[in-house]
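The lines below spell out each chain.
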Amino acid sequence: MPDRDRRTIVLALFACVALGMSAGATAADDAATDGCGDTLPPGDSPPPTAFTRLADAGEADEHEGADHVIVYERSVNRVKETGVTYTNDYVLYKVLTAGACRNMSVRRWRYEPWSSFIDVREVNVIRGDERIPVDVSNVHDLPAPQSAIYWNARVKTLQLPRLRVNDGIEIVTFRKGYSYALLDDGGTDVGGAGADGFTDAGAASSADAGTARTDDAGDAPDDDKYVPPMPGEYFDIVHFSASVPIIEQRYEVVIPSSKRLHSETYNGPLFASTSYTADSTRYAWWGVDLPARPYEPRQASASDDAPKVVLATVESWEAKSRWFFDVNEGQFAVTPAVQAKVEEIFEQAGLTEASEEEKAAALVHWVAQNIRYSGQTMGEGEGFTLHSGEMIFEQRSGVCKDIAGMLITMMRAAGMDSYGAMTMAGSRIDEVPADQFNHCVCALRQDDGSFEMYDPTWVPYYNEIWSKYETEQQYLVGTSEGEPLATIPFSPAGESPLTITHRAQLSDDGTLAGTFRFEGAGVMDTRLRNVVSGSRMVDVRHDVARLLSSMGDGVEVARYDHPRVDDFSQDMWIEVEYRVPDFALPVDGGLEFRSPMMTVTLGSGWLFRAGASEWDEERETELFLWFTQLLEGTETIRLPDGYAVDEPPTAEEIDETYASFEGGSEMDGRDLVVTQRARVKRRQIPPDGYGGFKKAIDEAREWGDALYRVEKGGDR
């Protein structure tokens, strides 16, 4: 036992502190004395217990919108020289509503058997001044539900007794193993708080205040099973945030004095401390009265805006890069079958004598279209070791790391200098060299030493080599020399344009007939392809009709056309010839209607994600749209003979930091011409820029609601 732990126990014995972990202790007893029978000095309080914490946590009317609160949680992580970590977690919940009595009646702990072991050691229901033990021998260890990724994850479950409002739930667990981001991405949260908004295994909790919990591993497998991918190293990403309020949360890590720790706090203030013994260093972070993170539509990852600590012992990103190279370099051996397929791809595409850039593009699209996303387990090494190119070529399936590995292997067969790389799709990677990755891609070294990034996982039915859904995100290439962390450049709105051209004729009975042509590039290329690639051929007509359905239930598709969805030599376009009876309504001797182009544009999230939603007046969290967009549309409607629009409406031009909109309409002979131009200038919008973004989108929606009235008159 470490000297520090011995001293902790001795001091606890001398203090005679009753900490509420015995079944006979009550909140009233603890509040009356200092634990030795003496009255406390005026103004002093005894150490908190589970009972006093629950009493002080308040009731439902003090936590508006929350069905329970996390009263206290503590996680103590003891890191061995090998990097194997023993974690003692404690969490105390308070049930506030009848709904929580139902929702919290079963506790769950997810884990990956080859990366971690979890033991549910103590569970109690605290009701008034009574602690009701729950028999943990009733914990069930079951296969976890899985889809797309079948890595044999498991889940432990425990049914609690019938809960009552204001009950407390007290959970003590022990975990041995390591965290790894790609494994966590598969649903490996193991802490007691996992069902309540925590996705990081290290962010659960641990022993009640002052409780001396040992690092006894019980019946866990030997440490050798849980040495981390980078032996001797430790990392964690600890979120101090949940979907419900947290009264107090503590995280502690004890590492051997021989190890150094990088750490940084992001997205908000936390308390911190560091202490030493001859053998170890103890780091602690904690937060109090942490509000629930609000749920808002299309919000950014909690990692981008909620309080967190990122920590790692690894020396640098360059060291991480070298490790990733070393652990995977043997997976890219070129077999005769792979070599033959690469040559066949080039020959069929007429690229035998083409440039490396053209050949690389052909390979990324072949891999994207031919290796389906379905993860099968290889056992030890899953999550950070890429399966061999030979295996993936034979099975034609894998997850992102395997799909990337297939491309790396094929590029090497073509004589290209390709490497694996890790990235974080959907949120940023911070400067501390912790394992902040959830995705694997391919890097092709250029003649000048720079890297061109390819992502076959994200470009099925997309004619680019790297998805613009993934701009402004960081990545780390694995090389023998070691690379620094790098960032994909910003993509301006003009790189993902959607152009809409609409020509139609309005009959005097209100029937509208015409042709829409949608043309897209960048992100909008793949969004148009997905309109027609995600269904059986027999259903494509219905999907195209659905695209126009906001014009009315009676829309009839007469004809549609588009290029082959796997023809990546051109940007995608869709042309639709349609007819809508009774589109314009007869009112007081005239016809009234709204712009069909604006109706279709604002009625489809596929066409205009930002414009298809009605946004709240204010936001607390960042808005995350994944991509920028330029939308340009021109509509020409031939009116019935003798009809005209009196005073065509106009839109106010809005040009804000993160979005803009302008629209107009005019008569040109018998034709009503309507235009629109919108830009979403950034894929992630902070709360202080949300007002300007909403102003531009509101103007677009108001322009879509503009009413056109056509009447007979004049010589037109």
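Going by the structure above, here's the rest.
Note that the structure is predicted; figures quoted are calculated from it, not measured. (Residues numbered from 1 in each chain as written. Predicted model: local features only at pLDDT ≥ 70, side-chain atom pairs only at ≥ 80, totals over all residues. Heavy atoms only, no water.)

Student: How would you explain the packing of aromatic side chains if you had to name every residue and give the values?
Tutor: Under the definition given, this model contains 20 aromatic pairs. Taken together through their ring pairs, the aromatic side chains of Trp-458, Tyr-469, Phe-624, Trp-626 and Phe-627 make up a single cluster. The positively charged end of Arg-53 is found above the aromatic ring belonging to Tyr-72, 3.7 Å away from the centroid. Lying over the aromatic face of Trp-286, Arg-250 brings its terminal NZ or CZ to 4.6 Å of the ring centre. (Phe/Tyr/Trp six-rings, centres within 6.5 Å; stacked < 30°, edge-to-face > 60°. Lys NZ or Arg CZ within 6 Å of the ring centre and 35° of its normal.)

Student: How would you summarise the nonpolar core if you had to cite specific residues and measurements?
Tutor: Membership of the largest hydrophobic core comes to 125 residues, with the highest contact counts inside it found for Phe-518 and Phe-693. The element best represented in this core is helix α11 (residues 400–413), accounting for 9 residues. Here Phe-693 is in contact with Ala-610, Trp-615, Leu-623, Leu-625, Tyr-658, Ala-659 and Ile-685, once residues within four sequence places are set aside. Counting residues in each nonpolar core, the second largest holds 36 residues, with Val-91, Val-238, Phe-240 and Val-244 among its members. (Core = buried A, V, L, I, M, F, W, Y, C linked by side-chain atoms within 4.5 Å. Buried < 20%, exposed > 50% of the residue type's maximum accessible area, 1.4 Å probe, protein only. Helix = DSSP H or I, 4+ residues; strand = E, 2+ residues; numbered from the N terminus. Contact = heavy atoms within 4.5 Å.)

Student: So what about α11? Which residues, and what values?
Tutor: An ideal rise of 1.5 Å per residue puts 20 Å on 14 residues; α11 measures up with 20 Å between its terminal C-alpha atoms. Along α11, 13 of the 14 residues are buried, which leaves the element largely enclosed by surrounding structure. Positive phi appears at Gly-415, one or two residues downstream of α11, with a value of about 80°. (Expected span 1.5 Å × (residues − 1).)

Student: How would you explain the sheet that holds strand β28 (residues 585–587) if you had to name every residue and give the values?
Tutor: In space, the 4 strands of this open sheet follow the order β28-β29-β37-β32, with antiparallel pairing throughout. Each having just a single partner strand, β28 and β32 (643–645) make up the two edges of the open sheet. On average, adjacent strands in this sheet sit at an angle of 35° to one another, irrespective of strand direction. Of the strand pairs in this sheet, β32 and strand β37 (residues 707–712) are connected by 3 bridges, and their pairing is antiparallel. The residue bridging Ala-644 from the neighbouring strand is Glu-711, located in β37. (Pairing = 2+ DSSP bridges. Axes fitted to C-alpha atoms, helices over the stretch in contact; angles between N-to-C directions.)

Student: How would you explain unusual backbone geometry if you had to name every residue and give the values?
Tutor: A negative phi angle characterises most non-glycine residues, just as the trans form characterises most peptide bonds. Not every positive phi belongs to a glycine, and Ala-148 is a case in point at roughly 70°. Topologically, Ala-148 is positioned in the loop between β6 (140–143) and β7 (149–150). In this structure, Asn-267 is a non-glycine residue whose phi angle is positive, near 65°. Structurally, Asn-267 is set in the loop between β12 (262–266) and β13 (271–276).

Student: If you had to explain helix α12 (residues 523–533) to someone new, which residues and values would you point to?
Tutor: Among the 11 residues of α12, 9 are classified as buried, and the element is accordingly described as predominantly covered. Residues Val-523, Met-524, Asp-525, Thr-526, Arg-527, Leu-528, Arg-529, Val-531 and Val-532 constitute the buried set of α12. Tucked inside the fold, the buried residues of α12 contact β24 (497–506), β25 (512–520), α13 (540–548), β27 (573–580) and β31 (629–638).

Student: Describe in detail the environment of Glu-614, supporting the description with residues and values.
Tutor: As for its position among the elements, Glu-614 is in the loop between α14 (596–602) and β30 (623–624). Residues Glu-614 and Ile-697, 83 residues apart in the sequence, show an inter-C-alpha distance of 8.8 Å. Side-chain polar atoms of Glu-614 contact the side chain of Arg-701, separated by 3.5 Å. (Polar contact = N/O pair within 3.5 Å; in protein donor to acceptor, adjacent residues only side chain to side chain.)

Student: Tell me about the state of the cysteines, residues and numbers included.
Tutor: A covalent bond bridging the sulfur atoms of two cysteines is what the word disulfide describes. All told, the structure shown has 0 disulfides when counted by the stated rule. As a non-bridged cysteine, Cys-400 has Cys-440 as the owner of its nearest cysteine sulfur, 5.8 Å distant. Distance from the sulfur of Cys-442, which forms no disulfide, to the nearest cysteine sulfur (Cys-440) is 8.9 Å. (Disulfide = S-S within 2.5 Å.)

Student: Let's hear about the pattern of salt bridges: which residues, and what values?
Tutor: Using the criterion set out here, one finds 39 salt bridges in the structure. Residues Arg-121 and Asp-119 are paired through a salt bridge, measuring 3.0 Å at the closest nitrogen-oxygen approach. Among the residues examined, Arg-121 registers a relative accessible area of 27% and is labelled partly exposed. A residue is classified by how much of its surface remains accessible, and Asp-119, at 21% relative accessible area, is partly exposed. The partner of Glu-252 in a salt bridge is Arg-282, and the shortest N-O contact between them spans 2.5 Å. With Glu-252 in strand β11 (residues 246–256) and Arg-282 in strand β14 (residues 280–290), this residue pair connects regions lying 30 residues apart in the sequence. No difference in accessibility class separates Glu-252 from Arg-282, as the two residues are buried. Each of the salt bridges in this network shares a partner with another, and the network as a whole consists of Arg-517, Glu-519, Arg-559, Glu-575 and Glu-577. (Salt bridge = Lys/Arg side-chain N within 4 Å of Asp/Glu carboxyl O.)

Student: Lay out the environment of Ser-595 with the relevant residues and their values.
Tutor: One can find Ser-595 in the loop between β29 (590–594) and α14. You can call Ser-595 buried: its relative accessible area is 1%. Placed 112 residues apart in sequence, Ser-595 and Leu-707 show a C-alpha to C-alpha distance of 7.8 Å. Residues within four places of Ser-595 in sequence aside, it is in contact with Glu-635, Val-674, Ala-706 and Tyr-708.

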